[in-house]
Amino acid sequence: MQGQDYAGAKWALGLCLPGITDTYVEKEFAAKNLLRTWLMRGTLQIVSADDIHWMLNLLAPRIIKKNTRRYRGLELDDDILKQSNQVLKESLE
């Protein structure tokens, strides 16, 4: 679900899933069962943590390919991107 506007996205979740409350949604975000991320089209999305991996595996190759020219323009080659991924991974751990 599109999640650019956090309050609006929570409202939309409530419309799609009758009976849930704002408190429930906040707890799901705090427990990392719901994620707000840039998954598609460069816009924020709300997705289930259970679905994030298959969605990334499906969408990431297309997004990376689409960004190839931009990466070259910024002088971001495969080695630099691998290094940055390692830095991010270590920081998040």
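Small disclaimer: the values here were computed from a predicted structure and weren't measured.

Visitor: For the overall build of the protein chain, give the residues involved together with the corresponding values.
Guide: Check the secondary structure of the protein chain and you find five helices and two strands. Of the regular secondary structure in the protein chain, the N- to C-terminal order runs α-α-β-β-α-α-α. In terms of overall size, the protein chain is more extended than a compact globule, its C-alpha atoms giving a radius of gyration of 16 Å where 93 residues would be expected to give roughly 12 Å. C-alpha extents for the protein chain along the principal axes are approximately 50 × 25 × 20 Å.

Visitor: Explain the nonpolar core to me, using residue names and the numbers behind them.
Guide: Across soluble globular proteins, nonpolar side chains have a tendency to be buried as a group. Listed in full, the six residues of the largest apolar core are Ala9, Leu13, Val25, Phe29, Leu34 and Ile46. Counting residues per element, the ones that place at least two in this core are α1 (6-16) and α2 (22-30). Core analysis: the next-biggest nonpolar cluster, separate from the first, contains five residues, Leu39, Val47, Ile52 and Leu59 among them.

Visitor: How would you sum up the side chain of Gln45? Please name residues and give values.
Guide: On the secondary structure map, Gln45 appears in strand β2 (residues 43-48). At a separation of 3.0 Å, a polar atom in the side chain of Gln45 contacts the side chain of Thr43. Look past the residues within four positions of Gln45 in its chain and what remains in contact with it is Met1, Gln2, Gly3, Leu35, Arg36, Thr37, Leu39 and Met40.

Visitor: Tell me about the pattern of salt bridges, residues and numbers included.
Guide: In the structure shown here, the tally under the stated rule is three salt bridges. Note that Lys10 is salt-bridged to Asp22, the shortest N-O span being 2.7 Å. Note that Lys10 is positioned in helix α1 and Asp22 in helix α2, a separation of twelve residues in sequence. Measuring nitrogen to oxygen at the nearest pair gives 3.3 Å for the salt bridge that ties Glu93 to Lys89. For Glu93, a relative accessible area of 69% gives the class exposed. The class for Lys89 is partly exposed, based on a relative accessible area of 46%. In the salt-bridge network here, residues are joined through shared partners; they are Lys10, Asp22 and Glu26.

Visitor: Help me get a handle on unusual backbone geometry, residues and values and all.
Guide: Of note, Lys32 is a non-glycine position whose phi angle comes to about 65 degrees, a positive value. Tracing the sequence through the fold places Lys32 in the loop between α2 and β1 (34-40). Of note in the backbone geometry, Glu75 takes a positive phi value of approximately 60 degrees without being a glycine. Following the sequence through the fold, Glu75 ends up in the loop between α4 (68-73) and α5 (78-92). Residue Glu75 is classed as exposed on the basis of its relative accessible area, which comes to 69%.

Here is what the cut-offs are and how they apply
Residues numbered from 1 in each chain as written. Predicted model: local features only at pLDDT ≥ 70, side-chain atom pairs only at ≥ 80, totals over all residues. Heavy atoms only, no water. Helix = DSSP H or I, 4+ residues; strand = E, 2+ residues; numbered from the N terminus. Rg over C-alpha atoms; globule rule 2.2 N^0.38 Å. Core = buried A, V, L, I, M, F, W, Y, C linked by side-chain atoms within 4.5 Å. Buried < 20%, exposed > 50% of the residue type's maximum accessible area, 1.4 Å probe, protein only. Polar contact = N/O pair within 3.5 Å; in protein donor to acceptor, adjacent residues only side chain to side chain. Contact = heavy atoms within 4.5 Å. Salt bridge = Lys/Arg side-chain N within 4 Å of Asp/Glu carboxyl O.

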